[in-house]
Amino acid sequence: TRAQALGIVYCALGSYLRSLPYERIERCVSQSVVIEPLMPAVRYIEAHLAEPLPIRVLAEMCYMSEGHFIRQFRTGIGHTPVQYVLERRVSYAVHLLHTTLKSIDVVAAESGFGSRFYFHRVFTRMVGISPGQYRRSPR
């Protein structure tokens, strides 16, 4: 039964890929070539959002110099590593505010922000409302 389900999924995926224009497939393949060397850092970021994430450490994971890592990251992911980390931390904070009753101080700490004030400033800039307003808003 599992093999049949996988066969159906693979057939559907094959049909979808055949329907795509060649240029789009080529663009995806070339993009994956840029992203793949960055994946150790991306996985580490996702697993350690609450911890400090120095660029030097992330670059070493990918066997790159800091400058090269930043350039490759921006090319492959579309943001600098710092922007990406902030976006992921805010996204995680949104999740915590939405799904828990933890205090904003605790959400800030668990999301990797050094202080509630910095968290408030970054969250408000990226989401458009403060963390408290977000929590009180109807979803």
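In short, a report on the structure. Since the structure is predicted, the reported quantities are computational estimates derived from the model, not experimental observations. (Residues numbered from 1 in each chain as written. Predicted model: local features only at pLDDT ≥ 70, side-chain atom pairs only at ≥ 80, totals over all residues. Heavy atoms only, no water.)

## A word on the packing of helix α3 (residues 39-47) against helix α6 (residues 81-99)
Here is step 1: At their nearest, the axes of α3 and α6 sit 10 Å apart, and the two run at 35° to each other. For the crossing formed where α3 meets α6, the hand is right-handed. Contacts from Val42, Ile45 and Glu46 in α3 reach Tyr84, Val85 and Arg88 in α6.
Here is step 2: Of the residues in the contact of α3 with α6, the class split is 4 nonpolar, no polar and 2 charged. (Axes fitted to C-alpha atoms, helices over the stretch in contact; angles between N-to-C directions. Helix = DSSP H or I, 4+ residues; strand = E, 2+ residues; numbered from the N terminus. Left-handed = near helix turned anticlockwise from the far one by under 90°. Contact = heavy atoms within 4.5 Å. Nonpolar A, V, L, I, M, F, W, Y, C, P; charged D, E, K, R; others polar.)

## Some thoughts on the pattern of salt bridges
Here is step 1: Counting across every chain of the model gives 4 salt bridges.
Here is step 2: Residue Arg88 is joined to Glu46 by a salt bridge in which the shortest nitrogen-to-oxygen separation is 2.7 Å. In this pair, Arg88 is assigned in helix α6 and Glu46 in helix α3, connecting sequence segments 42 residues apart.
Here is step 3: Since its relative accessible area comes to 26%, Arg88 is described here as partly exposed.
Here is step 4: What makes Glu46 partly exposed here is its relative accessible area of 33%.
Here is step 5: Residue Glu60 pairs with Arg56 through a salt bridge whose shortest N-O separation is 3.6 Å. Residue Glu60 and its partner Arg56 are located together in helix α4 (residues 55-61), separated by 4 residues, close to a single helical turn. (Salt bridge = Lys/Arg side-chain N within 4 Å of Asp/Glu carboxyl O. Buried < 20%, exposed > 50% of the residue type's maximum accessible area, 1.4 Å probe, protein only.)

## Focus: a nonpolar patch on the surface
Here is step 1: On the surface, Leu6, Val9, Tyr10, Leu13, Tyr16 and Leu17 cluster together into a nonpolar patch covering about 580 Å² of accessible area.
Here is step 2: Looking at where Leu13 falls in the secondary structure, it is placed in helix α1 (residues 2-19). (Patch = residues over 30% accessible without salt bridge, like charges linked within 9 Å, V, L, I, M, F, W, Y side chains within 5 Å. Areas by Shrake-Rupley, 256 points an atom, 1.4 Å probe, with all protein chains shown as cover.)

## Topic: the nonpolar core
Here is step 1: The biggest cluster of nonpolar side chains holds 15 residues, and the ones touching the most others in it are Ile45, Leu58, Phe69 and Phe73.
Here is step 2: Listed by contribution, the elements that provide at least two residues to this core are α3, α4, α5 (66-77) and α6.
Here is step 3: The next biggest cluster of nonpolar side chains, apart from the first, holds 13 residues, and it includes Ala93, Leu96, Leu97 and Val107. (Core = buried A, V, L, I, M, F, W, Y, C linked by side-chain atoms within 4.5 Å.)

## A short note on α5
Here is step 1: Between its first and last C-alpha atoms α5 spans 16 Å; for 12 residues at 1.5 Å apiece the expected length is 16 Å, and the two agree.
Here is step 2: The set of residues buried in α5 consists of Phe69, Phe73 and Gly76. Taken end-on, α5 shows its buried residues confined to a sector of 75°, consistent with a single buried face. Facing away from the buried surface of α5 by more than 90 degrees, the exposed residues are Arg71 and Thr75.
Here is step 3: Gly78, located one to two residues past α5, shows a positive phi value of around 100°. (Expected span 1.5 Å × (residues − 1). Arc of directions from axis to C-beta.)

Read these as layout, nothing more, since geometry by itself doesn't imply function.
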